[in-house]
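Structural overview for review
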Amino acid sequence: MPKNIEQDLFSKIIDDVNFYKAYKQTQKGKSKYKPDAMKFALNETYNLANLKQSLIDETYKFGGYDTFIVFEPKQRIINAPQYRDKVIQIAINNVLKEIYYPCLIFDTYACIDNKGTHKCVDKIQRFMRNAKWKYGDDAYIIKIDIKKFFYTIDRDVLKKILPKKIKCKKTLRLLFKIIDSADVIDLFGMPLGNTISQICANIYMNEVDQYCKRSMGLKYYVRYADDSAPRRRRYATEQVA
């Protein structure tokens, strides 16, 4: 990471353009009609300035979670942060993705700009055709799924991974405050409703991706969130390189 990015990371998060962009992102779709969003929008200039100042002087306190259940496609428990907390998390996410996206393997597709499920499926199909053409019936797929992934993320491990790339102490303190807010929910896991949970999940799983790609030498490897599908030859001693 360039030295100036390390030093100016917090400044990039609270930059007026980035902060206002984050606010406008929370105002998309039906979200802007929720009571807390409408109340915030009544005096957006003052509220944004006040929220930004709380980050600068480090008096910001996480507002807590609203918990509800969705069934898309299966039952999931969602712990959604308060509106002002969403603005901050999106502002952080806008900056973090500039740092971490270039560090992720190419073939990871969840919660990444200009990727998603369709491109993931296309790449898996391409890898399957390539492996079938190269190895014939000696090729096979290993599909891996981490049970209750978001609910079982070890937050202490995540907090050890983040400083590998983020050297800005003020940014780390802010991130850790948001990560530690999940203590009121459970000992493990990242809330599905938190915006930064998505990028943190990719940062967390990137450790696995790098091991699979670089240490194991898996050429045909794809990950979508906690689902991965390496394509290998039938014989364990003949690893795809």
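Up top is the structure these notes are about.
Not measured: the values here are computed from a predicted model.

1. What to know about helix H2 (residues 16–26)
Note: α-helices contain 3.6 residues per turn, so residues at a spacing of three or four share the same orientation. By the burial criterion, the buried members of H2 are Asn 18, Phe 19, Ala 22, Tyr 23 and Thr 26. The arc enclosing the buried residues of H2, seen along the axis, measures out at 140°, which places them on a common side. Counted as exposed and oriented over 90 degrees from the buried face of H2: Asp 16 and Val 17. The N-capping residue of H2, defined by a side-chain oxygen 3.0 Å from the backbone nitrogen of Val 17, is Asp 15.

2. Comments concerning empty space enclosed by the protein
Evaluated as defined, the whole model comprises two cavities of 30 Å³ or more. Estimates place the volume of the second largest cavity at around 40 Å³. Every residue lining the second largest cavity is listed: Ala 110, Cys 111, Phe 150, Gln 198, Ala 201, Asn 202 and Ala 225. The element best represented in the lining of the second largest cavity is helix H10 (residues 195–215), accounting for three residues. A breakdown of the residues in the lining of the second largest cavity according to their chemical character gives five nonpolar, two polar and no charged.

3. Side note on the nonpolar core
Ranked by size, the top nonpolar core spans 46 residues in total, and within it Leu 55, Ile 88, Ile 92, Leu 162 and Ile 166 carry the most contacts. Setting aside residues up to four positions removed in sequence, Ile 92 forms contacts with Ile 13, Leu 174, Leu 175, Ile 178 and Ile 196. Tyr 109, Ala 131, Tyr 135 and Tyr 220 belong to the second-largest nonpolar core, a separate cluster that totals eight residues.

4. Some thoughts on the packing of aromatic side chains
A complete count under the given rule lists seven aromatic pairs for this structure. With centroids separated by 5.8 Å and ring planes inclined at 45°, the aromatic side chains of Tyr 20 and Tyr 23 adopt a geometry described as tilted. Highlighted residues: Tyr 20 and Tyr 23, both in helix H2, separated by three residues, approximately one helical turn. The exposure class assigned to Tyr 23 is buried, which follows from its relative accessible area of 1%. Taken together, a centroid distance of 5.7 Å and an interplanar angle of 35° make the contact between Tyr 23 and Phe 40 tilted. In this pair, Tyr 23 sits in helix H2 while Phe 40 sits in helix H3 (residues 35–42), placing the two residues 17 residues apart along the sequence. Residue class for Phe 40 comes out buried when judged on its relative accessible area of 9%. Taken together, the ring pairs connect Tyr 20, Tyr 23, Phe 40 and Tyr 83 into an aromatic cluster. A cation sits over an aromatic face here: Lys 159 above Phe 176, 5.3 Å from the ring centre.

Thresholds applied
Residues numbered from 1 in each chain as written. Predicted model: local features only at pLDDT ≥ 70, side-chain atom pairs only at ≥ 80, totals over all residues. Heavy atoms only, no water. Buried < 20%, exposed > 50% of the residue type's maximum accessible area, 1.4 Å probe, protein only. Helix = DSSP H or I, 4+ residues; strand = E, 2+ residues; numbered from the N terminus. Arc of directions from axis to C-beta. Polar contact = N/O pair within 3.5 Å; in protein donor to acceptor, adjacent residues only side chain to side chain. 1 Å grid on protein atoms, 1.4 Å probe; cavity = no way out; pocket = protein on both sides within 12 Å on 5 of 7 lines; lining within 4 Å. Points joined across faces, edges and corners; volume = space filled by probe spheres on them. Nonpolar A, V, L, I, M, F, W, Y, C, P; charged D, E, K, R; others polar. Core = buried A, V, L, I, M, F, W, Y, C linked by side-chain atoms within 4.5 Å. Contact = heavy atoms within 4.5 Å. Phe/Tyr/Trp six-rings, centres within 6.5 Å; stacked < 30°, edge-to-face > 60°. Lys NZ or Arg CZ within 6 Å of the ring centre and 35° of its normal.

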